[in-house]
Amino acid sequence: MDNVKSYVEEHKDRFVSELVDLLKIPSISADSKFKNEMITTAQAVKTELEKAGCDLVEICDTPGHPVVYGEKIIDKNLPTVLVYGHYDVQPPDPLDLWNSPPFEPVIKETELHPDGAIFARGACDDKGQMYMHVKALEYMTKTNQLPCNVKFMIEGEEEVGSEHLGWFIENNLEKLKNDVILISDTGMIAKDVPSITTGLRGLSYMEVEVTGPNRDLHSGLYGGTVGNPINILTKMIASLTDENNHITIPGFYDNVEELSAEERAKMAEAPYNEEEYKKKLDINDVYGEAGFSTLERGSIRPTLDVNGIWGGYIGEGAKTVLPSKAFAKISMRLVPNQDWKEISELFKKHFESLAPKAVTVKVNTHHGGYAYVTPIDNDAYKAASKAYEKTFGKTPIPQRSGGSIPIVSLFEKALKSKIILMGFGQDTDAIHSPNEHFGIWNYLKGIETIPYFYKNFADSQK
Ligand code: BES
Ligand code: MN
Ligand code: MN
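Source: prediction; values computed, not measured.

J.: Is there a simple way to think about the coordination of the manganese ion (ligand 3) in this case?
T.: Coordination angles at a metal have ideal targets, namely 109.5 degrees for four tetrahedral donors and 90 or 180 degrees for six octahedral donors. Bound to the manganese ion (ligand 3) are the protein donor atoms Asp 125 (OD), Glu 159 (OE), Glu 159 (OE) and His 432 (NE2), situated 2.1 to 2.5 Å from the metal. Of note is the manganese ion (ligand 3), whose 6 donor atoms meet at the metal with angles of 55 to 154 degrees in an arrangement that counts as irregular. Mapping the donors of the manganese ion (ligand 3) onto the primary sequence gives the spacing D-x33-E-x272-H. Separating the manganese ion (ligand 3) from the manganese ion (ligand 2) is a distance of 3.6 Å, and Asp 125 supplies a donor atom to each of them. Here Asp 125 is found in the loop between strand 5 (117-119) and helix 3 (127-142), whereas its partner Glu 159 is found in the loop between strand 6 (149-155) and helix 4 (165-170), with 34 residues between them in sequence.

Spelled out as structure tokens, the structure:
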């Protein structure tokens, strides 16, 4: 793999322009208006996998958006790496907060990315990171250095809860057989502090609807006599956390994995500067569960957050009205041992019990997933760690992330695989936000690092 650096240097402009082309297709999985663009994107991924050297690439239909499957099997006796990624992206809204249109990629320098960053929806999450693997494969096949078999499973529903991927996996267990699953859909601490993601949080996503009177009412004629669903909903939400920011749902913490003092001390060694953290977000103070550090609050502790709340009059000017209904979307990030289905039930029961008789409450579960923690004492982790040492000149730090990739725990259950999360994004890349971007340095470094993982892993299985 020793010429990978020069290969990347030689082809970097093309690597960037190919990614830019992929980013131009608005593959928004949540919005059914973009169904055709989802198919166009799947086809583009297929073409790229074929160009990079896969022998077989298929677009596999599911009841939802298609999965792109590709493979290059060089020898059945060699180990197999399965690459997972997603070609769907989050909706770009709010559009007016973008400095350039989300599907017209532009390259701009930033303080953190002096070599330039590609600004577009999906640049980092996950088209850019997924495409690093396509280019790493290109390098290994074009230079005859692919040391093992490789399979790709690139889905189109990650951002909407991977609803049909479980179904796809159960129906293709033989085809997807592998020795390790490699994923780049997370981040790293900093360019000079490489890290490997060793944990993902689980998720339980709920939607609530509070109904008061059967129609909107004049707030003078009826104000003070009936339950205002917005007043009541906000009271109910406020009571879900106490003065220490502990979640008040009975049983919520019952199975939460508590870390030992030793593990917490180890975590605290990770480089982190609270002043910088606050400055980057323009906040005067951090906020969260009493008794835990910011790093802990954002990774090993469960949380409850309102993602959206609406109801009543929000147009221009003032309208004196008592709304009939109020709504909120509420998500809970979960940690190991919390069962998201159980937590969703606990939430539902508790939330319903909070409602005064003046209103009725409906609680629905959207989707969810289990938390996941990767071991660090296996061949796959060591192979990844050595790969970073080669290209970053530093041993990466294992770090648990606060984000979720709900399907990952199923990979382990259904495919009995070890999972390695080699993320190359940075927290400041604004994934899911306006002006999402991916540093060109990070993109190219990822392409350079991945082949060493293949080599180290293949060597370790001999
Ligand atoms: N790639 C992210 C998850 C992520 C990002 C993990 C950074 C760790 C670090 C993924 O695409 C994502 O956004 N997941 C969703 C969950 C999904 C069910 C919508 C999330 O975490 O909100
Ligand atoms: Mn992602
Ligand atoms: Mn995402």
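J.: Teacher, can you tell me more about the pairing of strand 8 (residues 195-200) here?
T.: Looking along a regular strand, one sees side chains alternate from face to face of the sheet. Most of strand 8 sits inside the fold, with 6 of its 6 residues counted as buried. Note: strand 8 against strand 16 (residues 397-400), 4 bridges, orientation parallel. Paired with Ser 195 across the two strands is Ile 397, which belongs to strand 16. When strand 8 meets strand 15 (residues 372-373), the two strands line up antiparallel, connected through 2 bridges. Within the sheet, the bridge partner assigned to Leu 200 lies in strand 15 and is Tyr 372.

J.: Just to check I follow, could you spell out the sheet that holds strand 9 (residues 202-211) for this structure?
T.: Across a sheet, strands are paired by hydrogen bonds formed along the backbone, either parallel or antiparallel in direction. Read from one edge of the open sheet, 4 strands run 11-13-9-14, paired in antiparallel fashion. Across the chains shown, the open sheet's two edge strands, defined by having one partner strand only, are strand 11 (303-311) and strand 14 (360-369). Averaged over neighbouring strand pairs, the angle between their axes works out to 15 degrees when direction is ignored. In this sheet, strand 13 (residues 325-334) lies alongside strand 9 in antiparallel orientation, the contact comprising 10 bridges. By the bridge assignment for strand 13, Gly 202 is matched with Leu 334. Along the sheet, helix 5 (residues 229-238) contacts strand 9, strand 11, strand 13 and strand 14; its crossing angle with strand 13, the most-contacted strand, is approximately 15 degrees. Relative to the sheet, helix 9 (residues 340-354) contacts strand 9, strand 11, strand 13 and strand 14, its axis offset from that of strand 14 by approximately 165 degrees.

J.: Even after reading the chapter, I still don't get the side chain of Glu 138, so can you show me in this structure?
T.: Note that Glu 138 resides in helix 3. For Glu 138, the residues in contact, after removing those within four places along its chain, are Tyr 7, Arg 14, Phe 15 and Ala 52.

Conventions adopted
- Along each chain, residues carry numbers from 1 onward, in the same order as the chain's sequence is written.
- Chain letters and ligand numbers both follow the written order, the letters beginning at A and the numbers at 1.
- Under the rules for a predicted model, residues below a pLDDT of 70 receive no local features and side-chain atom pairs below 80 are neither given nor counted, while totals for whole chains, interfaces and linings still include all residues.
- To obtain the side-chain values, all non-hydrogen atoms of the structure were included, while hydrogens and water were left out.
- Donor atoms are limited to N, O and S found within 2.8 Å of the metal ion, a distance that becomes 3.2 Å for Na, K and Ca. With water left out, some sites might look partial.
- Geometry assignment treats four donors as tetrahedral when all angles are between 85 and 135 degrees, treats four as square planar and six as octahedral when opposite donors are over 155 degrees apart and all others between 65 and 115, and treats everything else as irregular.
- Helix numbers and strand numbers start at the N terminus; a helix is a DSSP run of H or I with at least 4 residues, a strand a run of E with at least 2.
- Buried means the residue's accessible area, taken with a 1.4 Å probe over protein chains only, is under 20% of the maximum for its type, while exposed means over 50%, and partly exposed covers the values in between.
- Two strands make a pair as long as DSSP finds a minimum of two bridges between them.
- Fitted lines through C-alpha atoms give the axes, limited to the stretch in contact for helices. The angle between two N-to-C directions lies from 0 to 180 degrees.
- Working rule for contacts: check all heavy atoms of both residues, and any pair within 4.5 Å makes them a contact.

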